[in-house]
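# Report on the structure
Each chain, letter by letter, is given below.
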Amino acid sequence: MKQPAITLPRHGFRLDAADDGCADYLKQVNGKAEKYAYHLGDLRRVALNLEKALDGVGIATSKRSGITAVARSAGPDRSRKTARWTPQAIGTVAHLRRYDGGWRLMKADRVTVYAGQAEKHKIAIHRSEYVAVQERAVSNFEVAP
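Residues numbered from 1 in each chain as written. Predicted model: local features only at pLDDT ≥ 70, side-chain atom pairs only at ≥ 80, totals over all residues. Heavy atoms only, no water.

Here the focus is the side chain of Ser-73. In this structure, Ser-73 sits in the loop between β2 (68–72) and β3 (88–99). For Ser-73, a relative accessible area of 2% puts it in the buried group. Engagement of the side chain of Ser-73 in a polar contact is seen with the backbone oxygen of Tyr-36, the distance being 2.8 Å. At a separation of 2.9 Å, a polar atom in the side chain of Ser-73 contacts the main-chain amide nitrogen of Thr-92. What Ser-73 contacts, discounting residues up to four positions off in sequence, is Tyr-36, Tyr-38, Gly-91, Thr-92, Val-113, Gln-117, Ala-118 and Glu-119. (Helix = DSSP H or I, 4+ residues; strand = E, 2+ residues; numbered from the N terminus. Buried < 20%, exposed > 50% of the residue type's maximum accessible area, 1.4 Å probe, protein only. Polar contact = N/O pair within 3.5 Å; in protein donor to acceptor, adjacent residues only side chain to side chain. Contact = heavy atoms within 4.5 Å.)

Now the structure itself:
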């Protein structure tokens with residue numbers, strides 16, 4: 001007998017919650033894919049890396065609500081043995097959103113990953129924060145005559 005499909009809550013799964021069904025949802029999405037797919041521990045690591053990236057550019061914790069990110073898992077290693085053909089595997093792409101309480105998984109899908117493909121994160125911030133980051137980046141510079 002098949003287990004019922006797990007549906008996403010309206011505001012996603014909390015990554016810091018002990019047992020709210022996020023791990024079961026990822027198992028459902030990944031299917032038999034195991035090695036290159038994201039699991040709950042991997043997404044928690046990704047969330048920590050995203051927080052470090054936001055700290056690095058100076059975005060205040062109070063202004064992080066609503067920031068979204070897309071994370072894509074890494075592919076198999078590239079070696080001389082596979083130079084003539086490109087190995088493929090099944091990985092996971094996860095859509096995350098930052099709430100006041102932390103990161104939440106909004107959606108996850110299976111995706112094909114290729115040899116040598118690194119893990120990727122794409123963060124979307126608010127326009128006002130984007131401008132503030134640009135201003136901070138060039139605040140110590142001036143245009144030479």
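On we go from here.
Scanning the model with the defined rule gives seven salt bridges in all. Note that Glu-119 is salt-bridged to Arg-45, the shortest N-O span being 3.1 Å. Here Arg-45 lies in helix α2 (residues 40–57) and Glu-119 lies in the loop between β4 (102–114) and β5 (120–124), a separation of 74 residues in the sequence. With a shortest N-O distance of 2.3 Å, Asp-55 and Arg-64 are connected by a salt bridge. On the accessibility criterion, Arg-64 (2% relative accessible area) is buried. (Salt bridge = Lys/Arg side-chain N within 4 Å of Asp/Glu carboxyl O.)

A separate point is the sheet that holds strand β1 (residues 13–14). The five strands lie next to each other as β1-β4-β3-β2-β5, forming an open sheet whose pairing is antiparallel. Edge positions in the open sheet fall to β1 and β5, since each of these has one partner strand only. In this sheet, β3 lies alongside β2 in antiparallel orientation, the contact comprising five bridges. Across the sheet, residue Thr-68 finds its bridge partner in β3, namely Arg-97. (Pairing = 2+ DSSP bridges.)

To continue, consider the pairing of β4. Pairing analysis gives two bridges linking β1 to β4, with the strands arranged antiparallel. Bridging across to β4, Phe-13 finds its partner in Leu-105. Examined bridge by bridge, β3 and β4 share 12 bridges and lie antiparallel to one another. Residue pairing for β4: Thr-92 is matched across the bridge by Arg-110.

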